[in-house]
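These are the residues of each chain, in order.
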Amino acid sequence: MSKSLKRVAHALDAADIAAEIIEMADGTRTAADAAKAAGCALDQIAKSIIFRGETSEVALLFVTAGGNQVCAEKASALAGEALGKADAKLIRAQTGFAIGGVAPIGHLSPIRAWFDPRLCDFQTVYAAAGTPRHIFAINPNELIRLSGGVLADFTL
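Residues numbered from 1 in each chain as written. Predicted model: local features only at pLDDT ≥ 70, side-chain atom pairs only at ≥ 80, totals over all residues. Heavy atoms only, no water.

Overview of helix H1 (residues 3-14)
Then comes step 1: Look at H1: 16 Å from first C-alpha to last across 12 residues, which is about the 16 Å you get at 1.5 Å a residue.
Then comes step 2: Within the sequence span of H1, burial applies to Ser4, Leu5, Val8, Ala9, Ala11 and Leu12. With its buried residues spanning 160° around the axis, H1 presents them on a single face. Away from its buried face, by an angle of more than 90 degrees, H1 presents the exposed residues Lys3, His10, Asp13 and Ala14.
Then comes step 3: One or two residues past the end of H1 sits aspartate 16, with phi positive at roughly 60°. (Helix = DSSP H or I, 4+ residues; strand = E, 2+ residues; numbered from the N terminus. Expected span 1.5 Å × (residues − 1). Buried < 20%, exposed > 50% of the residue type's maximum accessible area, 1.4 Å probe, protein only. Arc of directions from axis to C-beta.)

A few points about the side chain of glutamate 81
Then comes step 1: With respect to the helices and strands, glutamate 81 occurs in the loop between helix H3 (72-79) and strand S4 (83-85).
Then comes step 2: Buried charged residue glutamate 81 carries no salt bridge. Nearest counter-charge: arginine 112, at 4.6 Å.
Then comes step 3: There is a polar contact of 2.8 Å between the side chain of glutamate 81 and the side chain of serine 56.
Then comes step 4: Setting aside anything within four residues of it in sequence, one finds glutamate 81 in contact with Gly53, Glu54, Thr55, Ser56, Leu60 and Ser76. (Lys, Arg positive; Asp, Glu negative; His and termini not counted. Salt bridge = Lys/Arg side-chain N within 4 Å of Asp/Glu carboxyl O. Polar contact = N/O pair within 3.5 Å; in protein donor to acceptor, adjacent residues only side chain to side chain. Contact = heavy atoms within 4.5 Å.)

Some remarks on the environment of threonine 30
Then comes step 1: Here threonine 30 shows up in the loop between strand S1 (21-23) and helix H2 (31-38).
Then comes step 2: In this structure, the C-alpha to C-alpha distance between threonine 30 and alanine 11, residues 19 residues apart in sequence, is 23 Å.
Then comes step 3: Side-chain polar atoms of threonine 30 contact the backbone nitrogen of aspartate 33, separated by 3.0 Å.

In short, geometric facts, not functional conclusions.
Have a look at this one:
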């Protein structure tokens, strides 16, 4: 088991959440891939989008429903600073995850996070579990609580 996957499993265990981590043979690099593999609706995929704060130079996490897109203006207003593209080096350094497998929990460093309210329309959502081939199912309210995220409107 990879270090990234272990961190996610540990975060779930530490919160006493019995979420099964599922390995997908074909990978889950996109929300559509993950939804197909999980047999769920596209919007049940909790998609982790990382931006770089232009002033703070830290990674900021926006978790959105699989079919939604982040509105840069709304996201910047929530973050209180202009946002730019986070490169693979920043993402790996702050979260410990590689692009395509960024989980909303189990980060190496604390991260500010916001959640798309659309995710709360479902009893269960699926999120990356630290690798491009692993996901886990969880109640969205539990995921928000566990991540320390804030519900906010930041989608197009």
